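Spelled out from the first residue to the last, the chains are:
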Amino acid sequence: QQQVKQSPQSLIVQKGGISIINCAYENTAFDYFPWYQQFPGKGPALLIAIRPDVSEKKEGRFTISFNKSAKQFSLHIMDSQPGDSATYFCAASIASGSRLTFGEGTQLTVNP
Amino acid sequence: NAGVMQNPRHLVRRRGQEARLRCSPMKGHSHVYWYRQLPEEGLKFMVYLQKENIIDESGMPKERFSAEFPKEGPSILRIQQVVRGDSAAYFCASSPTPLATLSYEQYFGPGTRLTVT
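It should be emphasised that the depicted structure is a prediction, and the values quoted were computed from it without experimental measurement.

Conventions used here
- Residues numbered from 1 in each chain as written.
- Chains lettered and ligands numbered in written order.
- Predicted model: local features only at pLDDT ≥ 70, side-chain atom pairs only at ≥ 80, totals over all residues.
- Heavy atoms only, no water.
- Helix = DSSP H or I, 4+ residues; strand = E, 2+ residues; numbered from the N terminus.
- Buried < 20%, exposed > 50% of the residue type's maximum accessible area, 1.4 Å probe, protein only.
- Pairing = 2+ DSSP bridges.
- Axes fitted to C-alpha atoms, helices over the stretch in contact; angles between N-to-C directions.

Caption draft 1: Region of the structure containing the environment of E63 of chain B. All names here are of chain B. Relative to the assigned elements, E63 resides in the loop between β6 (53-56) and β7 (65-68). Accessibility expressed as a relative area gives 64% for E63, which makes it exposed. Through-space distance from the C-alpha of E63 to that of E52 is 21 Å; in sequence the pair is eleven residues apart.

Shown next as structure tokens:
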């Protein structure tokens, strides 16, 4: 019940295209859903996050869509760039200050 | 404002030796989390600490692993008698005091890559 399922495992997109990564969870107690970006050899960097009281949050080219009834959330990267090529992780936690449960990760490649 | 600091960045240990990983949280952050990332896998929670307190160690292996966050100095993750299966990237994250800020964000350090030979 603590798992977060992420798909696809890998994704190849052309420059300028839209990258979409999906996550699903079971535990309805989760109330914080961040996305992290990780480059090889680096630590995960917080990209954008959402709470369940809103259905969408946009920051620049990155948008989180959240569907509470379906227990799903997704990351959309608009106008994808080669510099966006990285591994993306979704995560979830219960309440402030608690541990993050991560998805398995999606390796995104944006071709020039 | 410096980010989360971890050292060493790379650590090589022979089987049976001890590994000590250090983490200094961001300035103003009093909560530290340790995660482990095995090759080609996601991050798995290990332990959550505040100053001088272990809040949640449910992800920590029962033997050989311990963590502390003393009143002064960095948080330490200690692995005794390392085995090859301990080879992984160990990440530390910090967050501000949740009740004071209602902040959920965790910020990660660059990690320590442990290799056991």
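Caption draft 2: Spotlight on the pairing of strand β11 (residues 106-111) of chain A. All names here are of chain A. What you see with β11 is a clean split: T106, L108 and V110 sit on the buried side and Q107, T109 and N111 on the side with no burial. Alignment of strand β9 (residues 86-92) against β11, held across three bridges, turns out to be antiparallel. When the sheet's bridge partners are listed, A86 is paired in β11 with L108.

Caption draft 3: A look at the sheet that holds strand β1 (residues 4-7) of chain A. All names here are of chain A. An order of β1-β3-β8-β7-β6 is seen for the five strands of this open sheet, with the pairing classed as antiparallel. Bordering the open sheet on either side are β1 and β6 (56-59), each of which pairs with just one other strand. The sheet shows a mean angle of 15° between the axes of neighbouring strands, direction not considered. The pairing of β6 with strand β7 (residues 62-67) spans four bridges and is antiparallel. Bridge pairing in β7 places E59 opposite F62.

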